[in-house]
Amino acid sequence: MGTAEQPRRVTMTRAARRVLEAAERLFYERGIHAVGVDLIAAEAGVTKKTLYDRFGSKERIVVEYLTGRDERWRAFLARYLDDHLDAAHATTPEDRVLAVFDASRAWSAAYGAKGCSMVNAHAEISDPAHPAFPVITGQKQWMLALFTRLAGDVAGADADRLGRTLMLLHEGALVAHGLRIFPDPLTHARDQAEAVLRMRHST
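The text that follows walks through the structure, step by step, so that each part is easy to find. Owing to the predicted nature of the structure, the values given are computational and were not obtained by experimental measurement.

**Considerations on the overall build of the chain**
From N to C terminus, the chain includes nine helices and zero strands. Taken from N to C terminus, the helices and strands of the chain fall in the order α-α-α-α-α-α-α-α-α. Considering only C-alpha atoms, the chain reaches an extent of 65 × 35 × 35 Å along its principal axes. Classification of the 203 residues of the chain by burial places 43% in the buried group. In the chain, the proportion of contacts linking residues at least 24 apart, taken out of those at least 6 apart, comes to 69%. As presented, the chain carries roughly 10700 Å² of accessible surface, and 53% of it is formed by carbon and sulfur atoms. For the chain, the distance from the average site of its 27 positive side-chain charges to the average site of its 26 negative ones is 5 Å.

See below:
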C-alpha cells in the first residue's frame, strides 16, 4: 500500500517519554495551538530546557504525537483484523471491508472520544510545509490505499471508485463521531458500506 515517507523519530529517554505522554494527552484534549511548551513541560515535570534538548521544537513534539497515534492505529487495525477474520472460516472480501469499520468503531470507543486526531490536527495544520502535514495526509493516503486494495477483491477493475466511496463513508463517520452530531455514526457508515457492497452483487 502507498505510504508517505516516515519522519525521523526522536530517541525516547525517560524525560522525553514524559514530555510526549503529556503532550499527547493535552493536544488531543485541548488542541495543538491551545497548548504551549510551558504547559507541556509543567505537566511532564521537566524544565523547558529539557523539553527543547530532547525535541528541539514544539513542531517536533507534534510530529511525534501524530506519528505515534498513527502507528498505534495501524497496529490496532492489524490485530483487530487478525483476531476477527479467521482465514479458516472462509471470510469473504466483503467481510474484510466491513471489519475496517468495526475496528474504527472499537478504536473510537477506546481512544477517540474527541474524534480522529488526524482530522482534528488538519483543522489546525493546513500548511504543507509544516513537518506534521505529511503525517496527517500520509495516514489518510494509507487508508485510501487500504480500502482500494480491499475493494479490488470485490470490484476488480472498479476498485478505485469503490475504494473512494468506502473512504468517504469511513472518514465522514469519523468526523460525525468527533462532532457528536448523531449517535454511533460508524455503525451507520458500516451499514451504508454493506448496502453498497450488496448492491454490487445485485448488478
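**Description of the packing of aromatic side chains**
For the structure shown, the criterion picks out eight aromatic pairs. Their ring planes at 45° and their centres at 5.6 Å tell us that Phe 101 and Phe 147 sit as a pair that is tilted. Remark: Phe 147 occurs in helix H7 (residues 133-155) and Phe 101 occurs in helix H5 (residues 93-111); sequence separation between them is 46 residues. In terms of burial, Phe 101 and Phe 147 fall into one category: buried. Taken together through their ring pairs, the aromatic side chains of Trp 73, Phe 76, Tyr 80, Trp 107 and Tyr 111 make up a single cluster. Its guanidinium or amino end placed over the ring of Tyr 28, Arg 69 lies 4.5 Å from that ring's centre, counting from NZ or CZ.

**Brief notes about the packing of H5 against H7**
Relative to each other, H5 and H7 sit at 155°, their axes nearing to 8 Å. The angle between H5 and H7 falls in the class roughly antiparallel. Here H5 runs over H7; the crossing is left-handed. Seen from H5, the contacting residues are Pro 93, Glu 94, Arg 96, Val 97, Val 100 and Phe 101; seen from H7, they are Met 143, Leu 146, Phe 147, Leu 150, Asp 153 and Val 154. Here the contact of H5 with H7 is built from residues that sort into nine nonpolar, no polar and three charged.

**Quick word on empty space enclosed by the protein**
Within the structure shown, the criterion is met by two cavities of 30 Å³ or more. Estimates place the volume of the largest cavity at around 180 Å³. Mapped by element, the contributors of at least two residues to the lining of the largest cavity are helix H4 (58-84), H5, helix H6 (117-124), H7 and helix H8 (159-179). For the lining of the largest cavity, the class distribution of residues is six nonpolar, seven polar and two charged.

**Description of a nonpolar patch on the surface**
Taken together, the side chains of Val 175, Leu 179, Ile 181 and Phe 182 define a hydrophobic patch exposed on the protein surface, amounting to about 380 Å² of accessible area. Within the secondary structure layout, Ile 181 lies in the loop between H8 and helix H9 (185-202).

**Considering the layout of surface pockets**
One number sums up the size of the second largest pocket: a volume of about 180 Å³. Looking at the lining of the second largest pocket, the elements that each hand over two or more residues are H4, H5 and H9. Of the residues that constitute the lining of the second largest pocket, the class distribution is five nonpolar, two polar and six charged.

**Quick word on helix H2 (residues 37-44)**
Listing the buried residues of H2 in full gives Val 37, Ile 40, Ala 41 and Ala 44. With its buried residues spanning 95° around the axis, H2 presents them on a single face. Along H2, the residues that are exposed and aim more than 90 degrees away from the buried face are Asp 38 and Ala 42. On its buried face, H2 sits against helix H1 (14-30), helix H3 (48-55) and H4. Positioned one or two residues after H2, Gly 45 has a phi angle of 70°, which is positive.

About the thresholds
- Here the residue numbering is sequential within each chain, running from 1 through the sequence in written order.
- Totals for whole chains, interfaces and linings use all residues, but because this is a predicted model, local features are given only for residues with pLDDT of at least 70 and pairs of side-chain atoms are given and counted only at 80 or more.
- Calculated side-chain values reflect all of the structure's heavy atoms, with hydrogen atoms and water omitted.
- Helix and strand labels come from DSSP, where a helix needs a run of H or I of at least four residues and a strand needs a run of E of at least two; each type is numbered from the N terminus.
- To sort residues, take the accessible area from a 1.4 Å probe on protein chains only and compare it with the maximum for the residue type: under 20% means buried, over 50% means exposed, and anything in between is partly exposed.
- Contact definition: two residues touch when any of their heavy atoms are within 4.5 Å.
- Per-residue and other accessible areas follow the Shrake-Rupley method at a 1.4 Å probe size, with only the shown protein chains counted as cover for residues.
- Charged-residue counts in this description rest on Lys and Arg as positive and Asp and Glu as negative, His and the chain ends being excluded.
- One atom stands in for each charge, and that atom is NZ of Lys, CZ of Arg, CG of Asp or CD of Glu.
- Within 6.5 Å between ring centres, the rings of Phe, Tyr and Trp (the latter by its six-membered ring) count as paired, and their orientation is classed by plane angle as stacked under 30 degrees, edge-to-face over 60, tilted in between.
- Here, over-ring charges are defined by two tests on the NZ atom of lysine or the CZ atom of arginine: distance to the ring centre within 6 Å, and angle to the ring normal within 35 degrees.
- Fitting a line to C-alpha atoms yields each axis, with helices limited to the stretch in contact; the angle taken between N-to-C directions then spans 0 to 180 degrees.
- Angles below 35 degrees are treated as roughly parallel, those above 145 as roughly antiparallel, those between 65 and 115 as roughly perpendicular, and all remaining angles as oblique.
- By the definition used in this description, the sense in which the near helix is turned from the far one sets the handedness, with an anticlockwise turn below a right angle giving left-handed and a clockwise turn giving right-handed.
- Amino acids are sorted into nonpolar (Ala, Val, Leu, Ile, Met, Phe, Trp, Tyr, Cys and Pro), charged (Asp, Glu, Lys and Arg) and polar (every other residue, Gly among them).
- Both cavities and pockets are sets of points on a 1 Å grid over the protein atoms alone; in a cavity a 1.4 Å probe fits but cannot get out, in a pocket the set is open with protein on both sides within 12 Å along at least five of seven lines, and lining residues sit with an atom within 4 Å of a point.
- Grid points are joined across faces, edges and corners, and a volume is the space filled by probe spheres set on the points.
- Patches in this entry comprise residues that are over 30% relatively accessible and not in a salt bridge; like charges within 9 Å are linked, as are nonpolar side chains (Val, Leu, Ile, Met, Phe, Trp, Tyr) within 5 Å.
- Every case where a carboxyl oxygen of Asp or Glu lies within 4 Å of a side-chain nitrogen of Lys or Arg is listed as a salt bridge.
- The arc in question is the one spanned by the directions pointing from the helix axis to the C-beta atoms.

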